[in-house]
There are 2 protein chains.
Amino acid sequence: MTPRMLKVAAAQIGAVNRDADKKETVQRMVKLLEEARSKGVQLVVFPETTFTTFFPRFLFEDPAELEKYFEQGDDITTNQDVKPLFDLSRSSKIDMYVGYAERTDDGRGFNTCIYYSGQKGRILSKYRKIHLPGTKEPFADPEAINQLEKRYFEPGNLGFKAFRAPDLIPGVAKKGDIPAEAKTIGQGDPILGMMICNDRRWPEAWRMYGLQGVELIMVGYNTPWNAKHLFGFRKPMTDEQAEAEAYYHHKLVMEANSYMNACYSISAARAGYDDGKFDLISGSAIVSPNGYTIAQAKTIEDELVTADIGLDDCRQGKETTFDFDRHRRTEAYSLITSQTGVVEPELLAAEVP
Amino acid sequence: MTPRMLKVAAAQIGAVNRDADKKETVQRMVKLLEEARSKGVQLVVFPETTFTTFFPRFLFEDPAELEKYFEQGDDITTNQDVKPLFDLSRSSKIDMYVGYAERTDDGRGFNTCIYYSGQKGRILSKYRKIHLPGTKEPFADPEAINQLEKRYFEPGNLGFKAFRAPDLIPGVAKKGDIPAEAKTIGQGDPILGMMICNDRRWPEAWRMYGLQGVELIMVGYNTPWNAKHLFGFRKPMTDEQAEAEAYYHHKLVMEANSYMNACYSISAARAGYDDGKFDLISGSAIVSPNGYTIAQAKTIEDELVTADIGLDDCRQGKETTFDFDRHRRTEAYSLITSQTGVVEPELLAAEVP
């Protein structure tokens, strides 16, 4: 059996200003992809909405201005501004996760990412962000930084659908080669899953992929740390403390959810200070199925974070502690799908039967 | 509104040998409860199966020998050996979480914990462990340490049922005092939930409680770190590495799941070397709803770990990032309740539509 080794990378992108030229931003991505090629990387994960600044922080009154931040069409890989990235992916045979704001052919808006196979020269899978954070209406406080994803995007309508990436690892067993009765864990093309930003804080998203045997989760993110509008709820913090806390929570959910689903994860940040003032954490990282960060960004700038990973390392968790088939008890989980919000018990304690 | 402050403790218990006298073990618990009283603690969490050694590591051929490790009856609080603990709880008006192996009146076996109200002088809630780890049959390898919970216990049949603890915090608003239209978060008696050991690694358990607005989760555990039977799956480790890893995973899941459900948690270990050789991690801890460990054990012995906590600190998470009602998308979670084990996608990638 071929060991299922893979060289992967998170391609962190630093500040992208509100008026940045999209062609130039794509050139920064191309440069990281070239670096990946020179290092023998097979799969590169770019951030969420990578082609532009993180525009949901602004309230746009003019629809035409908003539209500049969306990529038009169901298949954006031949759009003029972004085409050079996909051309290089194809010629280099490097697979990519790329996040962008999608305006579909029929005019709908989603926070989307695609998995583009450099091997196959086409999109293999698309994911649309399901857990949109923030609010539909802007904050009343003019000091607060908005998070208007619920205004600009619909919740994703493609579910959490794991998929196999053919030819990502050359020489792995193919369907016809594997006896039907064999255990398939650790066999066949890698099983991948995609999330976007806030999804990573939701264990439901991870579990949906875990139940499909996912071996590697990819996440692009934009995570501001200066949450002034939250100060009503907590002790005031210094900027240093606020940044450290946002990073701590990011790392915590990536490590814990990778461990609890026995899968690798790659997270890629849009980092730095957009327009010199809108802060975003860094922390692009690669996490093992045992829950350890094995590589992480050192800067808040454009940076390629690489690691060699062995997908068969997912087996330990999947066949022991997290062997779902032996240990999960779905009859005890009913509220998770039957109830959206909180329903508190009565204010006074229920009597024990 | 009365600030909902509470002084809580994890009561860690060190080594308990196979032939330990139950009365003596209960005296060790009594001693910690006395320390709690002297410090003004209102709620103490004891470990899993606290009254005896962690017996599922042994294969018992003789049913009578096995039975010595079970506490008999549906209400064990007046059983002679353990009664002194409940008497002290009542006279001190301290509430307790206590874990034990339960043999019910009709002869069934569960890994159980009860919430005993010192205020009310009776059991307020009972939980039976749902995620039983390990195997039904002993390992073939005579070197391996067994984990036979699936042999000795049935999976819990009481669900994950959050409950209110009346009078735990004196002076909080009562049902009749709160206008029906008021938000109830941060009002009324504390909302508590109970898990046992392995449950804490399962985000489904936490989410079931989170959906009931839980403010404090209590977990007792026995966690061995010398997993020789896993060595087939991983690089051999030194004892030091293996212990550090078991502790890392414990801390990771307590912090991440507390954060993702915006609740406090208290975890209490049976720690140390039972019979001088069977290792169990320490690490009893109290974690904030923001995902930070705020107090933790320093030893592997009997030790009381205390903290002052403010239940209203759960509000920040519950009303912003983790406002379930605004952000959860149950239509995307279906596999979590419809499917127990893993179903992998086809060995070759599905085509994008």
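Residues numbered from 1 in each chain as written. Chains lettered and ligands numbered in written order. Predicted model: local features only at pLDDT ≥ 70, side-chain atom pairs only at ≥ 80, totals over all residues. Heavy atoms only, no water.

Take the overall build of chain A next. On a plain count of helices and strands, chain A comes out with 9 helices and 15 strands. A compact globule built from 353 residues would reach a C-alpha radius of gyration of about 20 Å, and chain A, at 21 Å, matches this within 12%. Buried residues in chain A amount to 62% of all 353 residues. Across chain A, the fraction of contacts at a sequence separation of at least 24, relative to all contacts at a separation of at least 6, is 70%. Here chain A displays about 13,200 Å² of accessible surface, and carbon together with sulfur accounts for 51% of that area. Computed over 44 positive and 52 negative side-chain charges, the inter-centroid distance for chain A is 4 Å. (Helix = DSSP H or I, 4+ residues; strand = E, 2+ residues; numbered from the N terminus. Rg over C-alpha atoms; globule rule 2.2 N^0.38 Å. Buried < 20%, exposed > 50% of the residue type's maximum accessible area, 1.4 Å probe, protein only. Contact = heavy atoms within 4.5 Å. Areas by Shrake-Rupley, 256 points an atom, 1.4 Å probe, with all protein chains shown as cover. Lys, Arg positive; Asp, Glu negative; His and termini not counted. Charge placed at Lys NZ, Arg CZ, Asp CG, Glu CD.)

This part is about the interface of chain B and chain A. Tallying the contact residues gives 87 residues for chain B and 87 residues for chain A. Roughly 8,300 Å² of surface becomes buried between chain B and chain A when both sides are summed, with 62% attributable to carbon and sulfur atoms. Inspection of the chain B/chain A interface yields 6 salt bridges. Between Glu204 of chain B and Arg328 of chain A there is a salt bridge; the shortest N-O distance is 3.0 Å. (Buried area = accessible area lost by both parts, 1.4 Å probe. Salt bridge = Lys/Arg side-chain N within 4 Å of Asp/Glu carboxyl O.)

All names here are of chain A. Sheet architecture is open: 6 strands sit in the order 7-8-9-10-13-14, paired in mixed fashion. One side of each edge strand has no neighbouring strand; the edge strands of this open sheet are strand 7 (163–164) and strand 14 (293–296). Strand direction decides the pairing type here: strand 7 and strand 8 (residues 191–196), joined by 2 bridges, are antiparallel. Residue Arg164 lies in a different strand from strand 8, and its bridge partner there is Ile191. Strands in contact with helix 6 (residues 239–260) are strand 9 (216–222), strand 10 (264–270), strand 13 (285–287) and strand 14; relative to strand 10, the strand with the most contacts, it is inclined by about 160°. (Pairing = 2+ DSSP bridges. Axes fitted to C-alpha atoms, helices over the stretch in contact; angles between N-to-C directions.)

As a further point, take the environment of Asn17 of chain A. Residue and element names in this part refer to chain A. On the secondary structure map, Asn17 appears in the loop between strand 1 (5–12) and helix 1 (22–38). Taking the relative accessible area as the measure of exposure, Asn17 reaches 31% and is therefore partly exposed. It is 21 Å that separates the C-alpha atoms of Asn17 and Asp239, two residues lying 222 residues apart in sequence. For Asn17, the contacting residues outside a window of four places in its chain are Thr53, Tyr273, Asp274, Asp275 and Gly276.

Below, the discussion takes up the sheet that holds strand 9 (residues 216–221) of chain B. All names here are of chain B. Pairing within the open sheet is mixed, and its 6 strands lie in the order 7-8-9-10-13-14. Looking at which strands have only one partner, the edges of the open sheet turn out to be strand 7 (163–164) and strand 14 (293–296). The pairing of strand 8 (residues 191–196) with strand 9 spans 5 bridges and is parallel. Pairing of Met195 across the sheet is with Val219, part of strand 9.

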